[in-house]
Structures are given as C-alpha cells and as structure tokens.
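Here is how the chains run, residue by residue.
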Amino acid sequence: MTEILADEKISVRYKRAPAAKVMHHAYLGGLLEHVVGLCGLAKAVAAHYPELNLDLLLTVAILHDIGKLDELCYIRAIGYTTDGQLLGHIVMELETVLHAIDKIPGFPPELKTVVQHLLISHHGQYEFGSPKLPMIREALVFHYLDDLDSKMAAARAALAIESGDEEWSAYSGALQRKFLRLDHFLKNANNDAEKAKQGA
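What you see as residue numbers is a count from 1 along each chain, following the sequence as written. Where totals are concerned, whole chains, interfaces and linings use all residues; where local detail is concerned, this predicted model gives features only for residues with pLDDT of at least 70, and gives and counts side-chain atom pairs only at 80 or more. Values shown for side chains rest on all heavy atoms present in the structure; no hydrogens or waters enter the calculation.

**Notes on the overall build of the chain**
Assigned secondary structure in the chain consists of ten helices and two strands. Counting from the N terminus, the helices are DSSP H or I runs at least four residues long and the strands are E runs at least two residues long. Counting from the amino terminus, helix and strand elements in the chain follow one another as α-α-α-α-α-β-β-α-α-α-α-α. Viewed in the frame of its principal axes, the chain has a C-alpha envelope of about 80 × 45 × 30 Å. Per-residue accessibility, obtained with a 1.4 Å probe over protein chains only, is compared with the maximum for each type, and a residue is labelled buried under 20%, exposed over 50%, and partly exposed between these values. The buried share of the chain, taken over its 200 residues, is 38%. Residue pairs at least 24 apart in sequence account for 45% of intrachain contacts in the chain once pairs closer than 6 positions are excluded. A contact between two residues is defined here by any heavy atoms of the two lying within 4.5 Å.

**Concerning the packing of helix H3 (residues 30-48) against helix H9 (residues 137-160)**
Every axis in this analysis is a line fitted to C-alpha atoms, fitted for helices over the stretch in contact. Angles between the N-to-C directions lie between 0 and 180 degrees. At a minimum axis separation of 10 Å, H3 and H9 run at an interaxial angle of 130°. As judged from the angle between their axes, H3 and H9 are oblique. Crossing angle aside, the handedness with which H3 passes H9 is right-handed. Taking contact as the criterion, the partners of Glu33, His34, Leu38, Leu41, Ala42 and Val45 in H3 are, on H9, Val141, Phe142, Leu145, Asp146, Asp149, Ser150 and Arg156. Residue classes follow a fixed rule: Ala, Val, Leu, Ile, Met, Phe, Trp, Tyr, Cys and Pro count as nonpolar, while Asp, Glu, Lys and Arg count as charged, and any other residue, Gly among them, counts as polar. Looking at the contact of H3 with H9 residue by residue, the class counts come to seven nonpolar, two polar and four charged. An angle counts as roughly parallel when it lies under 35 degrees, as roughly antiparallel when it exceeds 145, as roughly perpendicular when it falls between 65 and 115, and as oblique in every other case. For any helix crossing, the convention is left-handed if the near helix is rotated counterclockwise from the far helix by under a right angle, and right-handed if that rotation is clockwise.

**Quick look at the layout of surface pockets**
Here a cavity means grid points, on a 1 Å grid over the protein atoms only, where a 1.4 Å probe fits yet cannot get out; a pocket means an open set of points with protein on both sides within 12 Å along at least five of seven lines; lining residues are those with an atom within 4 Å of a point. Grid points are joined across faces, edges and corners, and a volume is the space filled by probe spheres set on the points. Estimates place the volume of the largest pocket at around 590 Å³. Considering the residues around the largest pocket, the lining is formed by 24 residues, among which Met23, His24, Lys68, His123 and Ser150 are closest to the centre. Where the lining of the largest pocket is concerned, the elements lending two or more residues are helix H5 (68-71) and H9. With six residues, the top contributor of residues to the lining of the largest pocket is H9. Looking at the lining of the largest pocket residue by residue, the class counts come to ten nonpolar, seven polar and seven charged.

**Points about the pattern of salt bridges**
Whenever Lys or Arg places a side-chain nitrogen within 4 Å of a carboxyl oxygen from Asp or Glu, that contact is recorded as a salt bridge. Tallying each qualifying case throughout the model produces four salt bridges. As a salt-bridge pair, Asp70 and Arg13 come within 3.1 Å of each other at their nearest N and O atoms. Of this pair, Asp70 sits in helix H5 while Arg13 sits in helix H2 (residues 8-16); the two residues are 57 residues apart in sequence, bridging distant segments of the chain.

**Looking at the packing of helix H7 (residues 89-102) against helix H8 (residues 109-120)**
Orientation of H7 relative to H8, taken along the N-to-C sense of each, is 160°, at an axis distance of 10 Å. Comparing their axes, H8 and H7 come out roughly antiparallel. By crossing handedness, the relation of H7 to H8 is classed as right-handed. Of H8, the residues touching H7 (which contributes Ile90, Glu93, Leu94, Val97, Leu98, Ile101 and Asp102) are Lys112, Val115, Gln116, Leu119 and Ile120. Residue composition of the contact of H7 with H8, by class: eight nonpolar, one polar and three charged.

**Focus: the nonpolar core**
Here, nonpolar core refers to any group of buried Ala, Val, Leu, Ile, Met, Phe, Trp, Tyr and Cys residues whose side-chain atoms link them within 4.5 Å. Core analysis: the largest hydrophobic core is formed by 34 residues, its most contacted members being Ile66 and Val97. Those elements giving two or more residues to this core turn out to be H2, H3, helix H4 (54-63), H7, H8 and H9. Once residues within four sequence positions are removed from consideration, Ile66 is found in contact with Ile4, Leu5, Ile10, Tyr14, Glu93 and Val97.

Below is the structure:
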C-alpha cells in the first residue's frame, strides 16, 4: 500500500482526483476527502467491533477507489477516460494493486486473495457493479461504510445548494429525493411553541 502511494505519479493525482463524476465527492480533492473519512469510520467501527481487522479495513479504504485515477479525467471537467468507460475503476485498481503486490517478496498468497476480494466486492451488490458479493466480514463492513460516506456526501451536497425553499433542499439525483432542512424546521417549531406559550 505504501509503495503505491509513494509513487509520485500516483500520489500527486491521488490528492487532486474527484471520487466520482456525479454521485458523491464529485470535485477536485474529493477522493482524498472520501478516503480520509472512510479511515475515520473504519477506526470507529473497529473499536466497536474488536473482531474486525483494522489493517484490512484501512487497506481497502485507501485502495478501493485508486482505479478512479485512471477511470476519470478532470483537466477541464470531470468525465471518463476511454479506458475508464471500457474497464471501470474496479478492474483498473485490481491491476494496479496486484502489480504492486507482486513486487513484494514473500507476500502471502492468502493475503493477496483477501485484498483482491476486498477490492472487487466493495460495491456490495451485483447490480452496483460488484463482481462478487462481500464474503469476508471486513468486506461486508467496508461496503456499508463506503455506501454511508457516499450517501452522506450526496445529502450534504443537496442541502448546500440554494433551492428557493427554506425548509427543503434541492432534489438529489444521486439519492432520488430532497431533504428536510431539519435545523430550520425545528427552529420554526420551537418559535411556534414559544408564541403559543406567550399567547396563553
């Protein structure tokens, strides 16, 4: 893992890349923000479930979207490279990670298989482009952490856009809904309750 990130050609792009074209963290630096968030979530969840292998969770958190460095282009606007459209980031990152693993003398073959499974199962479901369902505890947990962080980012983005409605966010195409601006809604409810008290 450190060998991959130590490659200057990778590390420079890793810091600048978006995490997606549209769905979540779709801006420059979004990939790194997503990964840092996932590392924090992994540590919190591993503290709650001590049977989890934190090293594996951190490994997949850092490497699970590294294929997006080659899948996406973002010089003028975020789009897909030709290779990215043909192969997708899961296939592309698997090649990158296996190439790095094969350079490490004595890397345990069983651990290599585990790392491959963590990467190819992180989308969690076949219909979301996952070649395999998560069949290792850490793979299952990571899928839900990745999904959670992605969806929270999409909700945050919707709430940040001026919608013209004080109580409701803009519509999120990624999540197919809009969100109640809870703080504003509760503030209004509290104001109404206060007025009712004063009028009593």
